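# Summary of structural features
The primary structure of each chain is shown beneath.
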Amino acid sequence: MIRPCEEREFEQIWEIVNDGAQAYRGVIPADRCAEPYMSEDELHGQIEEGVVFWGYEEGSRLLAVMGMQRVKDATLIRHAYVRSGEQQRGIGSHLLTHLRSMTSGPVLIGTWEAAAWAIRFYERHGFTRVSQQEKDRLLRTYWSVPERQIETSVVLADWRDGRIDGRSDNPNFSGA
Ligand SMILES: CC(C)(COP(=O)(O)OP(=O)(O)OC[C@H]1O[C@@H](n2cnc3c(N)ncnc32)[C@H](O)[C@@H]1OP(=O)(O)O)[C@@H](O)C(=O)NCCC(=O)NCCS
């Protein structure tokens, strides 16, 4: 079952993020890989900033979370994590499909350049990687992330019918 996470589930969300993020160990740059990967304060901060978490529940156990945040004229998919023992069973796909069905306009996703599996996962769902130049601009416009994270990240986009100001590689851009 896919449903919005509740406030009282904060600890579970935090646990799933850090469990799922084990996949990053030894892959993403060491200086970006804290232990735990995300602190409780950081997660509180993300929720306060407007990230809304949805969860995938099976047998009354939360197995995965995915956050969604409306920023300006786009929707960001943020903090997508499936518990380490439950990955590659289709759960992430269910969540992503569900979240996308609730949004209109462009959907943007930022992830680590080194997380090849995550890039493939989003590409399989129709997202395309934006150019280096566009990535830097989008990360500075839609996210609040440190410069070092900008350097080591990629952005994938599904522009759909949406239009984003000044985007240079949006195939739907008509120049207006
Ligand atoms: C990325 C993630 C959310 C995808 O969810 P999922 O439930 O595992 O993915 P699904 O089972 O729906 O889809 C599987 C597809 O995802 C990709 N994939 C996910 N994990 C993979 C892995 N460990 N190795 C290879 N491919 C992987 C592949 O494209 C795979 O398709 P394939 O098996 O046909 O090649 C999940 O694997 C995860 O939490 N990973 C660790 C954290 C992470 O990278 N989060 C993304 C942050 S933006």
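The structure reproduced in this document is the subject of the present report. (Residues numbered from 1 in each chain as written. Predicted model: local features only at pLDDT ≥ 70, side-chain atom pairs only at ≥ 80, totals over all residues.)

Once that is clear, we can look at the pairing of strand β4 (residues 74-82). Summarising burial for β4: nine of the nine residues are buried, a large majority. Sheet topology places strand β3 (residues 61-71) next to β4; seven bridges connect them, and they run antiparallel. Bridge assignment links Val71 to a residue of β4, and that residue is Ala74. The hairpin formed by β3 and β4 contains two residues between the paired strands, and Lys72 there has a positive phi angle of roughly 50°. Regarding topology, helix α3 (residues 91-101) serves as the crossover connection from β4 to the parallel strand β5 (residues 107-112), and that connection is right-handed. (Buried ≥ 20, exposed ≤ 12 C-beta atoms within 10 Å, placed from the backbone. Helix = DSSP H or I, 4+ residues; strand = E, 2+ residues; numbered from the N terminus. Pairing = 2+ DSSP bridges. Right-handed = clockwise from strand over helix to strand, strands pointing away.)

Examined bridge by bridge, strand β2 (residues 52-58) and β3 share seven bridges and lie antiparallel to one another. Looking at the pairing, Gly55 lines up with Val65 of β3. The hairpin formed by β2 and β3 contains two residues between the paired strands, and Gly59 there has a positive phi angle of roughly 55°.

Here the focus is the site of the ligand. Around the ligand, a shell composed of 20 residues is seen, among which Gln87, Gly92, Ser93, Trp117 and Phe121 lie nearest. For the shell around the ligand, the secondary structure elements donating two or more residues are β4, α3 and α4 (116-124). Sort the elements by how many residues they give to the shell around the ligand and α4 lands first, with five residues. Across the shell around the ligand, the residue classes tally to ten nonpolar, seven polar and three charged. (Near = placed C-beta within 6 Å. Nonpolar A, V, L, I, M, F, W, Y, C, P; charged D, E, K, R; others polar.)

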